[in-house]
Amino acid sequence: MPDTEEELAYYREIEDFFAAMRGVPHIVSPKDFQLLRGWWRDRIPLAAVAAGISEVFARRRDRDDRDPVVSLTYCRHAVHRHAARLAEMHVGEGPVEGAAGFESPAQDLDPLLQRMGAAAGSLSEELPEVAAVILEIVERMSTAPAMPPALLEEHLFSMEAVLLDRCWRALPEVERSAIDDRSRQASDRAGGGRSTRARTRRAIRDRELRERLGLPRLEIE
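The rules behind each value
Residues numbered from 1 in each chain as written. Predicted model: local features only at pLDDT ≥ 70, side-chain atom pairs only at ≥ 80, totals over all residues. Heavy atoms only, no water. Axes fitted to C-alpha atoms, helices over the stretch in contact; angles between N-to-C directions. Helix = DSSP H or I, 4+ residues; strand = E, 2+ residues; numbered from the N terminus. Parallel < 35°, antiparallel > 145°, perpendicular 65-115°, else oblique. Left-handed = near helix turned anticlockwise from the far one by under 90°. Contact = heavy atoms within 4.5 Å. Nonpolar A, V, L, I, M, F, W, Y, C, P; charged D, E, K, R; others polar. Buried < 20%, exposed > 50% of the residue type's maximum accessible area, 1.4 Å probe, protein only. Lys, Arg positive; Asp, Glu negative; His and termini not counted. Salt bridge = Lys/Arg side-chain N within 4 Å of Asp/Glu carboxyl O. Polar contact = N/O pair within 3.5 Å; in protein donor to acceptor, adjacent residues only side chain to side chain. Core = buried A, V, L, I, M, F, W, Y, C linked by side-chain atoms within 4.5 Å. Expected span 1.5 Å × (residues − 1). Arc of directions from axis to C-beta.

## Some thoughts on the packing of helix H3 (residues 46–62) against helix H7 (residues 149–170)
Axis angle and axis distance: for two packed helices, these are the angle between their axes and the distance between the axes, and together they describe the pair.
Then step 1. In the contact formed by H3 and H7, the axes pass within 8 Å of each other and the chain directions differ by 45°. As the angle between them shows, H3 and H7 are arranged oblique. As for the relative orientation of H3 and H7, their crossing is left-handed in sense. For the pair H3 and H7, the contacting residues are Ala 50, Ala 51, Ser 54, Glu 55, Phe 57, Ala 58 and Arg 61 in the first and Leu 151, His 155, Ser 158, Met 159, Ala 161, Val 162, Leu 164 and Asp 165 in the second.
Then step 2. Residue classes in the contact of H3 with H7 are distributed as 9 nonpolar, 3 polar and 3 charged.

## Describing the environment of Cys 75
Then step 1. Summarising the element assignment, Cys 75 is placed in the loop between H3 and helix H4 (76–88).
Then step 2. A relative accessible area of 0% places Cys 75 in the buried class.
Then step 3. Taking the C-alpha atoms as reference points, Cys 75 and Glu 55, separated by 20 residues in sequence, lie 8.4 Å from one another.
Then step 4. Those residues in contact with Cys 75, other than ones at most four positions away along the chain, are Phe 18, Ile 53, Val 56 and Val 69.

## So, the side chain of Asp 32
Then step 1. Locating Asp 32 in the fold gives a position in helix H2 (residues 30–41).
Then step 2. In this structure Asp 32 is buried but unpaired, with Lys 31 as the nearest side chain of opposite charge at 7.3 Å.
Then step 3. Reaching out from Asp 32, the side chain makes a polar contact with the side chain of Ser 71 at a distance of 2.7 Å.
Then step 4. Apart from residues no more than four positions distant in its own chain, Asp 32 is found in contact with His 26, Ser 71, Leu 72 and Thr 73.

## Remarks on the nonpolar core
Generally speaking, soluble globular proteins have nonpolar side chains that are buried together.
Then step 1. If you look at the biggest cluster of nonpolar residues, it comprises 60 residues, and the most contacted ones within it are Ile 53 and Ile 134.
Then step 2. At the level of secondary structure, the elements contributing two or more residues to this core comprise helix H1 (5–22), H2, H3, H4, helix H5 (110–123), helix H6 (128–142), H7 and helix H9 (194–213).
Then step 3. Considering each element in turn, this core owes the most residues, 10 residues, to H7.
Then step 4. With sequence-adjacent residues up to four places away left out, Ile 134 is seen in contact with Met 116, Ala 120, Leu 123, Leu 163, Cys 167 and Leu 215.

## A look at the environment of Pro 145
Then step 1. Of note, Pro 145 is situated in the loop between H6 and H7.
Then step 2. Taking the C-alpha atoms as reference, Pro 145 lies 36 Å from Thr 196; in sequence the two are 51 residues apart.

## Thoughts on the pattern of salt bridges
Then step 1. Tallying each qualifying case throughout the model produces 16 salt bridges.
Then step 2. A salt bridge links Arg 81 to Glu 55, with the shortest nitrogen-to-oxygen separation between them at 2.3 Å. Separated by 26 residues along the polypeptide, Arg 81 in helix H4 and Glu 55 in helix H3 bring together distant segments of the chain.
Then step 3. Since its relative accessible area comes to 10%, Glu 55 is described here as buried.
Then step 4. In this structure, Arg 166 and Glu 136 form a salt bridge, with 3.1 Å as the shortest nitrogen-oxygen distance. Remark: Glu 136 occurs in helix H6 and Arg 166 occurs in helix H7; sequence separation between them is 30 residues.
Then step 5. Here Glu 136 falls in the partly exposed class, since its relative accessible area comes to 27%.

## With respect to helix H8 (residues 173–190)
Then step 1. The end-to-end C-alpha distance of H8, which contains 18 residues, comes to 26 Å, matching closely the 26 Å that a straight helix rising 1.5 Å per residue would cover.
Then step 2. Listed in full, the buried residues belonging to H8 are Glu 175, Arg 176, Ile 179, Asp 180, Ser 183, Ala 186 and Ser 187. What you see down the axis of H8 is that its buried residues fit within an arc of 135°, all on one side. Exposed and oriented more than 90 degrees from the buried face of H8 are Val 174 and Arg 189.
Then step 3. Against H7 and H9 lie the buried residues of H8.
Then step 4. Backbone geometry just downstream of H8 places Gly 191 in the positive-phi region, at approximately 75°.

Structure below.
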């Protein structure tokens, strides 16, 4: 069991973030709990954990890997890599940063969050499940731990991949099929090898999905 309320809050923040990236509730396994305890004892900042988790989900999507990320252990290497980067940037020194809760993001994110909220609002009646996904990602971004600009940009890039993936899964089957057909035809016309066509198809599908839902690119304006 956690020794302090601060430690418990640290675990809960990570569990909630991981569940949001998966799109389903997550129950911490004994193995995951040991990993969490190790991160706490090693003073791994929440910023590094969030960046590492989002990176793993984004990379899975880029590889079109259909195996779900069901455990935090999949993210351990990415988390430690980001923790090392943060240490080099002199971020996260002393007690675990943000252990009692995610800190507020930079004000530069406010316009982006507002645009995402507006997109969700416009879809709330027509596509309520998609709107709910967008609002969940907005909540995770609005309570994100403080990050240096370089890491924040990478984190947003990864979060965009997660957002598009979850919105795609929440979209009605008939719309997914129509977009899939158009993107496949366009990629076939563009030509190239199998991997090239797959990347082209994904890019076209993402563009159509973003336009259909009115989603902005997740980047600092």
